[in-house]
Amino acid sequence: MTGDVVMRLGMAVAARLRQGNRHTRIVIGKDTRLSGYMFETALASGIVAMGADVWLTGPLPTPGIAFITASMRCDAGIVISASHNPFEDNGIKLFARDGYKLPDEVELEIEELMRTDLASHRAGAGDIGYSRKVEDSRGRYVVFCKGTFPNDLTLDGLKIVVDGANGAAYRVGPAVFEELGANVVAINVKPDGKNINDNSGALHPESMCEAVRREKAQLGIAFDGDADRLVLCDEHGAVIDGDAVMALCATRMIGEGRLVKNTLVATVMSNLGLERAVKDAGGKVVRTAVGDRYVVEEMRKHGYNLGGEQSGHLIFLDHMTTGDGIIAALRVLAVMVREGRPLSELACVMKRTPQVLVNVKVDKKVPLDELADVRRMIQGVERDLGDDGRVLVRYSGTEAKARVMIEGPDEARIQEMAQGIADALVAACRV
């Protein structure tokens, strides 16, 4: 991405979403990475040049921008963030006026508009838009998050470590839990534009785990760069991933009659142990392709209200239209407080099936259907595992990598199997 490209994107977004009877209003938010300030200016310039108005939130979690977009009745929300990636990377996420991600077909139309002569659609001197800041966007989002926590509960007496990943939640994350009564130990909350996700946050939970043990805290919460996902650790510093959180929340919601159709939506990456835990509680798991977008699409299509990914994207549609790390943490805390039990005990609701994931770089992404030798290896492993495991092989959507995931009863054996398939993939995809 360059400033020129992003300015054209802003022009195309405004042209596609422009309202005929009033000024179009678009929210722009970002995380803390250095390039976000440049892209924010470029986006705003393109949008106002087309006659639309811009509202700037400054650094705010991705779900916070979705919330602001819907609450202010804006026509779109734009997030400048590369989520869990290093600071050198950046990206754009688009939300519709209802706070859900913009449909694929609309995004494709915007991409097509970027290739046209947008200059001819610019507004006249008297019709250009304006750009202004949303006053206290952080405070609004903090209040919203707290409103999702049960009114009869507080976090009094709990000590919590919050790892902000030097990202978008570096202020609002600690604030939410403090205002609900917790004693918060905040780490990695001093962004400098270049340290987002750097040995911190959900991708590197070691700092959080160590802080929990050192501070004798009851819980650790680590966000990624834009805080739409989280990783937890219990009072012993043991990591609790998205699957365990979904198992905990889904089983409680089934027991309370609040899980719609007793169905949880997860991706193909989620552990078999999650399926078994939900089934034992009287529910079922529906799987989708990898990506929170696909989880939300399945949830909206069938009216489900809980879904997520093993990586920590957790969607509680009763409260938020997209993954929200803060709200997910509050749901877990509500169970801890109400039942008076530590997270180490609560997480035992799910017994994990051994799972290995091997990521390898590939020169090119050859369709798996064209790799006969690799397919034979996969089929052989599937026969060996039978009903006790499964195999998933896919290419990364954002990197030149292949991912091989295998689940089975013997971790050493499935590690060897996964590495064998991965090596075959690298050889087959060599230029």
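Computed from a predicted model, the values in this text were never measured in an experiment.

Look at helix α1 (residues 3-17): 21 Å from first C-alpha to last across 15 residues, which is about the 21 Å you get at 1.5 Å a residue. For α1, the full list of buried residues reads Val6, Leu9, Gly10, Met11, Ala12, Val13, Ala14, Ala15 and Leu17. Along its buried surface, α1 packs onto β1 (25-30), α2 (35-49), β3 (76-80), β4 (92-96) and α4 (104-114).

Counting buried positions over the seven residues of strand β17 (residues 401-407) gives six, a clear majority of the element. Relative to β17, strand β15 (residues 355-361) runs antiparallel, the two being bridged by seven bridges. Counted as the bridge partner of Gln355 is Glu407 from β17. As paired elements, strand β16 (residues 390-395) and β17 share six bridges and run antiparallel to each other. Pairing of Tyr395 across the sheet is with Ala402, part of β17. As consecutive antiparallel partners, β16 and β17 are separated by five residues.

Here helix α14 (residues 411-428) spans 26 Å end to end across 18 residues, near enough to the 26 Å set by a 1.5 Å rise per residue. Inspection of α14 places Ile414, Met417, Ala418, Ile421, Ala422, Ala424 and Leu425 among the buried residues, and these make up the whole buried set. For α14, the angular spread of buried residues about the axis comes to 160°, placing them on one side. Exposed residues on α14 whose side chains face more than 90 degrees from its buried face are Ala412 and Glu416. Of the surrounding elements, those touching the buried residues of α14 are β15, α13 (372-385), β16 and β17. For α14, the capping residue at the N-terminal end is Asp410, with a side-chain oxygen 3.1 Å from the backbone nitrogen of Ala412.

Our focus in this paragraph is the sheet that holds strand β9 (residues 230-233). What the five strands build is an open sheet, ordered β7-β6-β8-β9-β10; its pairing is mixed. Either end of the sheet is taken by a strand with one partner, and the two such strands are β7 (183-187) and β10 (239-240). Bridge count between β9 and β10: two bridges; the pairing is antiparallel. Residue pairing for β10: Leu232 is matched across the bridge by Ile240. The sheet contacts of helix α7 (residues 206-215) involve β6 (159-163), β7, β8 (219-223), β9 and β10, and relative to β6 the element is tilted by about 155°. Contacts from helix α11 (residues 325-339) reach β6, β8 and β9, with the element oriented near 165° to β8.

So, on to the layout of surface pockets. Reported here for the largest pocket is a volume of approximately 2000 Å³. The wall of the largest pocket is formed by 49 residues, among which His84, Asn85, Arg229, His313 and Thr398 lie closest to the centre. Here the lining of the largest pocket takes four residues from α4, the largest share from any one element. Computed from the structure, the second largest pocket encloses a volume of approximately 270 Å³. Those elements that provide at least two residues to the lining of the second largest pocket are α8 (242-255) and α11. Looking at the lining of the second largest pocket, the element that brings in the most residues is α11, giving five residues.

All right, on to the packing of aromatic side chains then. Under the counting rule described, the total for this entry stands at three aromatic pairs. A centroid spacing of 6.4 Å and a plane angle of 40° characterise the contact between Phe67 and Tyr141, whose relative ring orientation is tilted. You can see Phe67 sitting in helix α3 (residues 62-71) and its partner Tyr141 sitting in helix α5 (residues 137-146), a full 74 residues away along the chain. Summarising the burial analysis for this pair, Phe67 and Tyr141 share the class buried.

About the thresholds
- Residues numbered from 1 in each chain as written.
- Predicted model: local features only at pLDDT ≥ 70, side-chain atom pairs only at ≥ 80, totals over all residues.
- Heavy atoms only, no water.
- Helix = DSSP H or I, 4+ residues; strand = E, 2+ residues; numbered from the N terminus.
- Expected span 1.5 Å × (residues − 1).
- Buried < 20%, exposed > 50% of the residue type's maximum accessible area, 1.4 Å probe, protein only.
- Contact = heavy atoms within 4.5 Å.
- Pairing = 2+ DSSP bridges.
- Arc of directions from axis to C-beta.
- Polar contact = N/O pair within 3.5 Å; in protein donor to acceptor, adjacent residues only side chain to side chain.
- Axes fitted to C-alpha atoms, helices over the stretch in contact; angles between N-to-C directions.
- 1 Å grid on protein atoms, 1.4 Å probe; cavity = no way out; pocket = protein on both sides within 12 Å on 5 of 7 lines; lining within 4 Å.
- Points joined across faces, edges and corners; volume = space filled by probe spheres on them.
- Phe/Tyr/Trp six-rings, centres within 6.5 Å; stacked < 30°, edge-to-face > 60°.

Everything listed is a geometric property; what it means functionally is a separate question.
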